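# Structural features, examined
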Amino acid sequence: MSYHQDGLLDMVIGLYALSFGLGIFVDKILEFSFVAIMPAIMISIVLPIWIHAKKKITMPRIGFVKFGARGSNKLFAIFLGLAVAGLGVSLALSVFMIGQNGRPVWLEILFQYGMIWIGLGAAVIGSLFAYTMGLKRLHGYGLLTLALFVSGHFLGIPFEYLLLTIGSVIIASGAALLVQFIQRYPLQKGAPANVAQ
Amino acid sequence: MSPSDADIQNVDRLIHEPSRLTIMMHLYVVESADFQFLQNQTGMTPGNLSSHLRKLEDAGYVEVTKEFVDRTPHTALKLTRKGREAFKEYRKDVKRFIGKLPE
């Protein structure tokens, strides 16, 4: 189905990663745990924009479809997954930050490879959504995140730079998909096409 | 055991036609869709799609609702309970007689 080929979902995911990266920068400047409230901010701002964009960009081009109970569950799973992933990352980051000021040994070991764990988590979540939604490119995003975080761990690249990179790449990919989608499904002028004859 | 002619003859021919099967398959996985969505997914011309939809509607498999959304005419299509059951039955039939074929 071409319903998620419009790139809007990618842009939401990319924005999510990007805002976490920016959140960490803000944390460092303001010394306020902005990252912890990021999922709520993202859900309350980006979600309505996404729904509006679907109505204004996607539906007029490919029509309207209601997925019903199974589809709703899938969509709910996406939102829930994004929220849980965001909260998980927030908590991990919060604990990571507290840990720097005298953490237990087990946390020391856990967070020594924190970026690899987060990368693995992203790959698993990406694969889960890719399987649920039938969108193979989500595997790619997950694997990209894993590769970047593993590289970041060994090369000592700060976490926020990796998030900003991943977010930017996914947003760019979403924007490219959106352009392709708009070119592939131009708006029909004249008689509405959503009427049976 | 090979499939008998009766197995194949008993399959729902209204659904078995490729264009209508495509329509039924698309409507089966959603709650409802509009005409434009189905046209995009199936690649049929409006006339062809309308013609097949009419046959499915006449059989009571598809419910067509015409309404106005934001002052724009809109046709919502969904499988009726009868249509959903017929598709399930068709699917079972096809699986049964194809499953009987030797490797």
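Look a little higher up for the structure.
Let me begin by describing the structure that accompanies this report. As the structure is a computational prediction, the values presented were derived from the model and not from experiment.

## Quick look at the overall build of chain B
- The helix and strand tally for chain B stands at six helices and three strands.
- The N-to-C order of helical and strand elements in chain B reads α-α-α-β-α-α-β-β-α.
- For chain B, contacts bridging at least 24 residues in sequence account for 55% of all contacts bridging at least 6.

## Some points on helix 7 (residues 159–184) of chain A
Residue and element names in this part refer to chain A.
- With 26 residues, helix 7 extends 37 Å between its outermost C-alpha atoms, agreeing within 8% with the 38 Å of an ideal straight helix rising 1.5 Å per residue.
- Where helix 7 is concerned, the buried positions are Phe 159, Leu 162, Leu 163, Ile 166, Gly 167, Ile 170, Ile 171 and Gly 174.
- Summarising the contacts, the buried residues of helix 7 are in contact with helix 1 (8–30), helix 5 (114–133) and helix 6 (137–155).

## Examining the environment of Leu 146 of chain A
All names here are of chain A.
- Looking at the secondary structure, you find Leu 146 in helix 6.
- Leu 146 gets classed as buried once you count the C-beta atoms within 10 Å, which come to 20.
- Measuring from C-alpha to C-alpha, the distance between Leu 146 and Ile 118 comes to 7.8 Å, with 28 residues separating the pair along the chain.
- Filtering out sequence-adjacent residues up to four positions away, Leu 146 remains in contact with Gly 119, Leu 120, Ala 122 and Ala 123.

## Things to note about the nonpolar core
- By size, the foremost hydrophobic cluster in this structure holds 27 residues, and its most contacted members are Ile 13 and Ala 17 of chain A.
- Looking at this core, the element that brings in the most residues is helix 1 of chain A, giving 10 residues.
- The contacts of Ala 17 of chain A, once residues within four sequence positions are left out, are Leu 163, Ile 166, Gly 167 and Ile 170 of chain A.
- Listed in part, the 22 residues of the second largest apolar core include Val 30, Leu 38, Tyr 61 and Ala 86 of chain B.

Calculation notes
- Residues numbered from 1 in each chain as written.
- Chains lettered and ligands numbered in written order.
- Predicted model: local features only at pLDDT ≥ 70, side-chain atom pairs only at ≥ 80, totals over all residues.
- Helix = DSSP H or I, 4+ residues; strand = E, 2+ residues; numbered from the N terminus.
- Contact = placed C-beta atoms within 7 Å.
- Expected span 1.5 Å × (residues − 1).
- Buried ≥ 20, exposed ≤ 12 C-beta atoms within 10 Å, placed from the backbone.
- Core = buried A, V, L, I, M, F, W, Y, C linked by C-beta atoms within 7 Å.

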